[in-house]
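Descriptive analysis of the structure
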Amino acid sequence: MHHQTITLKSPLSYHVCSQHSAVLPKNPRLTKLPNFPPISAKNRPSSSTFYCYGIGTGISAPNHASDSQYGNLHDWKLRSTGVKTIDVATLGNLCVDIVLNVPKLPPPSRDDRKAYMDHLASCPPDKKYWEAGGNCNMAIAAARLGLRCMSIGHVGDEIYGKFLIDVLRDEGIDVVGMSEDTDVVDRSSASYETLLCWVLVDPLQRHGFCSRADFRKEPAFSWMNALSSDVKMAIKQSKVLFVNGYGFDELSPSLILSAQEYAAEVGTSIFFDPGPRGKSLSRGTAEEQRALSHLLRMSDVLLLTSDEAESLTGIRYPILAGQELLRKGQRTNWVIVKMGSRGSILITKSSISCAPAFKVNVTDTVGCGDSFVAAVAFGFIHNMPTVSTLTIANAVGAATAMGCGAGRNVATLGQVIELMRASNLNEDGELWDELLNEDVHAQEITFLSKIGINGSTNHLNRVDLQKVVSELLLKLEYAWLEGKVSS
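Criteria and thresholds
- Residues numbered from 1 in each chain as written.
- Predicted model: local features only at pLDDT ≥ 70, side-chain atom pairs only at ≥ 80, totals over all residues.
- Heavy atoms only, no water.
- Core = buried A, V, L, I, M, F, W, Y, C linked by side-chain atoms within 4.5 Å.
- Buried < 20%, exposed > 50% of the residue type's maximum accessible area, 1.4 Å probe, protein only.
- Contact = heavy atoms within 4.5 Å.
- Helix = DSSP H or I, 4+ residues; strand = E, 2+ residues; numbered from the N terminus.
- Phe/Tyr/Trp six-rings, centres within 6.5 Å; stacked < 30°, edge-to-face > 60°.
- Salt bridge = Lys/Arg side-chain N within 4 Å of Asp/Glu carboxyl O.
- Expected span 1.5 Å × (residues − 1).

**Let's talk about the nonpolar core**
- Of all hydrophobic cores here, the largest spans 80 residues; its most connected members are Trp198, Phe271 and Ile336.
- Once residues within four sequence positions are removed from consideration, Trp198 is found in contact with Ile98, Leu100, Met117, Leu120, Ala121, Pro125, Gly208, Phe209 and Cys210.
- Listed in part, the 62 residues of the second largest apolar core include Ile152, Leu257, Ala309 and Leu325.

**Examining the environment of Asp428**
- Topologically, Asp428 is positioned in the loop between helix H13 (413-422) and helix H14 (429-436).
- In sequence terms Asp428 and Ala357 are 71 residues apart; their C-alpha atoms lie 9.5 Å from each other.

**Considering the packing of aromatic side chains**
- Taken as a whole and assessed by the stated rule, the structure comprises six aromatic pairs.
- Ring centres of Tyr192 and Trp223 lie 5.8 Å apart, and the angle between their planes is 25°; on these two criteria the pair is classed as stacked. Here Tyr192, found in the loop between strand S6 (174-177) and strand S7 (195-201), pairs with Trp223, found in the loop between strand S8 (207-210) and helix H5 (229-236); they are 31 residues apart in sequence, far enough to count as distant. One exposure class covers both Tyr192 and Trp223, and it is buried.
- With a centroid separation of 5.3 Å and 90° between ring planes, the pair formed by Trp334 and Phe380 is classed as edge-to-face. You can see Trp334 sitting in strand S12 (residues 334-338) and its partner Phe380 sitting in helix H11 (residues 368-381), a full 46 residues away along the chain.
- The exposure class assigned to Trp334 is buried, which follows from its relative accessible area of 11%.
- Phe380 gets classed as partly exposed once you look at its relative accessible area, which sits at 24%.

**Some points on the pattern of salt bridges**
- Going through the model one piece at a time under the given rule, you end up with 13 salt bridges.
- Among the salt bridges present, the one from Lys114 reaches Asp118, with a minimum N-O distance of 2.7 Å. Here the residue Lys114 and the residue Asp118 both occupy positions in helix H2 (residues 110-122), the gap between them amounting to four residues, near one helical turn.
- Note on Lys114: relative accessible area 31%, which makes it partly exposed.
- Since its relative accessible area comes to 35%, Asp118 is described here as partly exposed.
- Note that Asp300 is salt-bridged to Arg331, the shortest N-O span being 2.9 Å. Taken as a pair, Asp300 in the loop between helix H8 (286-298) and strand S11 (301-305) and Arg331 in the loop between helix H10 (318-328) and S12 lie far apart in primary sequence, 31 residues in all.

**Some words on H8**
- Compared with the 18 Å implied by 1.5 Å per residue over 13 residues, the 18 Å span of H8 between its first and last C-alpha is a close match.
- Among all positions in H8, only Glu288, Ala291, Leu292, His294, Leu295, Leu296 and Met298 are buried.
- Buried-residue contacts for H8 involve helix H6 (253-265), strand S10 (269-273), helix H7 (277-282), S11 and helix H9 (306-313).

In structure tokens form, the structure reads like this:
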């Protein structure tokens, strides 16, 4: 990943367009680990029944060359029978990140930030500073675990849109256009262009983000008002549809709810991660509040940080906050609370699973949450034990944190395997004792432990880390050898 350094001439932090310096170390994605060749689009089996080489090109005929591997999955006649040939589809939030090193982050004033961003956009940096962002992070991380992925969203016809499609195609991910309403907007206007996100990194590796969506009262693509037939087909054929709060920056609440409701109708599981936008949505317009409430109640899997869970429930304790969200949910089966370097918790109506994080040298936390979600989808789709799902999710998130940035820099499968083999767990006994001593009501609590014992004490079941890791490595290493993940 490359970073451009920009020289600040005033508190508005302008840059000199011709200066490119301070390139970071070599992209960790390009580093090959011994004995584990990367799974690329070239050697991954063709499994998607969509081949949309661009936006809105429709659905092609099936690829009969791969029928021998997947039997009837590619039979054209089965397309209308609910056969799920796609593992994960992401909804919206497709953007290009422009990653720049800056002496200090943008000013807090809205007007100053807008002027700052406009100046950056007036002189686009070299392509080497571009990276796929937003939901591309989740899709790429999922594809590298062997899942069949589709990105649903809007990108423009300009150089940024072409770049984004090329990146996703190289990772084996297809793109389907979000809407058929392209005749209501001028294709040369800013409202049709691919969304850019300026990722600004100061000398302390703190991040600032800004895009044109930050300065609009309505979503960036508010001209969309209907799902295309291609989108409906993609949702219908997907096992999981992932929605996050940043999607509201691009798409109207009504369009997002249309996708959610259609997914429920065709038996596609909904993953919802409100992210930092959850708090602002809960205080937003009446339409935003209704959409947020609906997604929290009607999603199969909710994913939140402990701070986000507290902001949405008013409950400080993560397990109790998760149980409250579960109680209010109508379709909710899992609530997952992400706690960064401490680990994660998965709460169901009858159980709680806890997994401490892996110890790593953190380089950059951008993309870690997206990578974590991708691995949760992996565990969900493969019907893995909940504690095993948390374990692989913690590993994928931690492996991404060891690299620089997101997009093509998220963890590779080889890096995840190497990290899990090391099995260096950050097991803070006092923290977990405090969390589990809350007024927790559950039939069973499962706790991942590096202590080499399996067993139960009252309702606490300790599971040996090495046992869980050994089982996961068998599945993941098979993925390396076969170029796919066994189900």
